[in-house]
Amino acid sequence: MKRELEMMMPGPHAGPLCGREVVIQAQGVEKTYPNGTHALDRADVAIRKGEFVSLLGPSGCGKSTLLKMFAGLEQPSSGTIAMQAEAERSDGRDMAMVFQEATLMPWARVTENVRLPLDLAHVPRSQSQPRIDEALEMVGLSQFGNCYPRELSGGMQMRASIARALAVRPSVLLMDEPFGALDEFTRNRLDTDLHRLWEQRGFTVVFVTHSIYEAVFLSSRVVVMAARPGRVIADVAIDGPAQRGDDFRVSSEFIDYCRVLSEHLVRANRGEREAVH
Amino acid sequence: MNTAILRSPAAVRVSAPLALGVLMLAVWQLLCELLDVPVFLVPAPSDIVATLVADWNLLVSSLMVTLKITFLAFCLAVVLGVAAAFLFVQSRLMEVSLFPYAIVLQVTPIVAIAPLIIIWVKNPTFAMVICATLVALFPIISNTILGLRSVNPGLLNLFRLNRANRWQVLRRLRIPSALPYFFGGLRISSGLALIGAVVAEFVAGTGGTSSGLAYQILQAGFQLNIPRLFAALVLITFTGILLFTVMAMLSKWALGGWHESEMS
């Protein structure tokens, strides 16, 4: 994969943030696994600075694959992914990722789990401690630093996982269906908190989800994907209020966006079925 | 009977096997007395206890010999086993080429090769330590390898994402992940070290060397001193139980905070 440092072309998608610089640019990215599975077919996606972009689609649409390629954990079979040069940092990466599961080290207390990326980057303890405190504060876990992961509920484990990503102070945060395993009410609460964090901190988020509601609630833009083969079928800017809470969830605006996204997904699904018959 | 005691699981865990043991011993004692079984066939528990007391000094000094061999073999097995596991995990080629021979070592009956080792190695204690080590080695190797490989793939991705080097992955991810498996291997291995020591003593004992508990069993058998044979057997059994308990406590101490297997 080429991680080019050149200035990148702005993507084809119009939106309130379209004037901003592109942080991640995927061009003609394809992924075919050795067993022949065509996970992703020629995807063009551009992520701009400060955006909250959701990759929305059913299982097998390649959304997680695309995210993993952004993270450098997987390589595209063809096409290029260009990252804006990561800022030179002595304290680790400028990018952090939150996984589907909390993936905490069960043998380490929450504080030590959050400290891990800083430790790996050799940040001295004196400097890492305030950052850990701050990150735990942001996710509302200040009281739970001394707990082992198993002592926390699923939602709190996920909060710890997010704190670990925030402690890095990344400018790009990649999230791979982080709340998929949680019940809807916990998920809504975490979504609200995440949106507030994003709104306050202004980092760039790429968020993979299969929930239409979650995508509309969180995003400034939703990239809609379809499966077999995985591909991008639509790109919808969500022009919602800057601060979002339960009011937004029950607004007609919210419902309208959900319908637009559903229509894209239904149409893609229908086309697929016709192709089979 | 007080049912409150029965409801407490901790009390039941101690009292139930204890009660069963006492009952069995009572039946044994009763049968021996009622049927008038000669002491050189099956001694009654009371005879065994009497011999234990009478031969205490002799038996304990023999036990010390056996314990020394067991302990040395166990330590050696842990050091060699862990070292081998690390080696195997670092390089596929190493594992592919060496692991079959580890299995060969495991499946070769120690009784069959013990005489050879005892002939080849001059120092009898050292020879017996080698035999017992060979028996105890394999569970440590295989369990530690399994543990070092049983790493949560998500965590491995997290380490890769943060550009952790090989050493950081080993120290901060693979070793902690391997601990529960390692302690599992330790429990099996401690018992096997004792068995290996006893087997080696049997083989060496027929040659007339040393004086471990197995040697006492052999001698008692020759002399038809069956109560002493049983007394030695009791000591070996208790040693095995003690070893297992110590390993279980060690495991609880190391993993109690976080691993499911040690939660109560």
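This structure is a prediction, so every number in the text was calculated from the model and none was measured.

Each helix and strand in chain B was counted, giving 11 helices and zero strands. Counting helices and strands in the order they occur from the N terminus, chain B gives α-α-α-α-α-α-α-α-α-α-α. The principal-axis extents of the C-alpha atoms in chain B amount to approximately 75 × 60 × 25 Å. When burial is assessed residue by residue, chain B has 34% of its 264 residues classed as buried.

Turning our attention to the overall build of chain A. If you tally the helices and strands in chain A, you get eight helices and nine strands. Contacts in chain A between residues far apart in sequence, at least 24 positions, make up 73% of those at least 6 positions apart.

This brings us to the interface of chain B and chain A. Taken together, the contact between chain B and chain A spans 14 residues of the former and 16 residues of the latter. Elements that contribute at least two residues to the side of chain B that touches chain A include exactly helix 8 (153–161) and helix 9 (166–206) of chain B. Among the elements that take part in the side of chain B that touches chain A, helix 8 of chain B stands out by supplying six residues, more than any other. Residues that form the side of chain B that touches chain A fall into these classes: six nonpolar, six polar and two charged.

Turning our attention to the sheet that holds strand 3 (residues 52–56) of chain A. All names here are of chain A. Here we have six strands laid out as an open sheet, ordered 5-6-7-3-8-9, and mixed in their pairing. The open sheet has two free edges, formed respectively by strand 5 (95–98) and strand 9 (231–237), since each of these has just one partner strand. This sheet shows a mean twist of 15° between the axes of neighbouring strands, independent of strand direction. Bridge analysis of strand 8 (residues 221–226) against strand 9 gives six bridges, and the strand direction is antiparallel. Directly across from Val223, in strand 9, lies its bridge partner Asp235. Helix 4 (residues 154–167) contacts strand 5 and strand 6 (172–176) of the sheet and is inclined by roughly 175° relative to strand 5.

Residue and element names in this part refer to chain A. Of the two faces of strand 5, the one holding Met95 and Met97 and the one holding Ala96 and Val98 are both buried throughout. When strand 5 meets strand 6, the two strands line up parallel, connected through four bridges. Across the sheet, the residue bridging to Ala96 is Leu173, located in strand 6.

Turning to the sheet that holds strand 1 (residues 22–32) of chain A, a few remarks are in order. All names here are of chain A. With respect to topology, three strands assemble into an open sheet ordered 2-1-4, the strand pairing being antiparallel. With partners counted over all chains shown, the strands left at the sheet margins are strand 2 (38–48) and strand 4 (78–83), one partner each. Here the average twist between neighbouring strands, direction ignored, is 15°. Pairing of strand 1 with strand 4 involves five bridges; the strand directions are antiparallel. Bridging across to strand 4, Ala26 finds its partner in Ile81.

All names here are of chain B. Following both chains from N to C, one finds helix 6 (residues 110–120) and helix 7 (residues 124–149) inclined at 155°, their axes separated by 9 Å at the closest point. Relative to helix 7, helix 6 is oriented roughly antiparallel. Where helix 6 crosses over helix 7, the two elements pack in a sense that is right-handed. Between helix 6 and helix 7, the contacting residues are Ile110, Ala114, Ile117 and Ile118 on the first element and Pro124, Ala127, Ile130, Cys131, Leu134 and Val135 on the second. Residue composition of the contact of helix 6 with helix 7, grouped by class: 10 nonpolar, no polar and no charged.

This next bit is on the nonpolar core. Judged by nonpolar contacts, the single largest core of 142 residues is most densely connected at A:Leu66, A:Ala163, A:Leu174, B:Ala132 and B:Ala193. Tallying contributions element by element places helix 7 of chain B first for this core, with 15 residues.

About the thresholds
- Residues numbered from 1 in each chain as written.
- Chains lettered and ligands numbered in written order.
- Predicted model: local features only at pLDDT ≥ 70, side-chain atom pairs only at ≥ 80, totals over all residues.
- Helix = DSSP H or I, 4+ residues; strand = E, 2+ residues; numbered from the N terminus.
- Buried ≥ 20, exposed ≤ 12 C-beta atoms within 10 Å, placed from the backbone.
- Contact = placed C-beta atoms within 7 Å.
- Nonpolar A, V, L, I, M, F, W, Y, C, P; charged D, E, K, R; others polar.
- Pairing = 2+ DSSP bridges.
- Axes fitted to C-alpha atoms, helices over the stretch in contact; angles between N-to-C directions.
- Parallel < 35°, antiparallel > 145°, perpendicular 65-115°, else oblique.
- Left-handed = near helix turned anticlockwise from the far one by under 90°.
- Core = buried A, V, L, I, M, F, W, Y, C linked by C-beta atoms within 7 Å.

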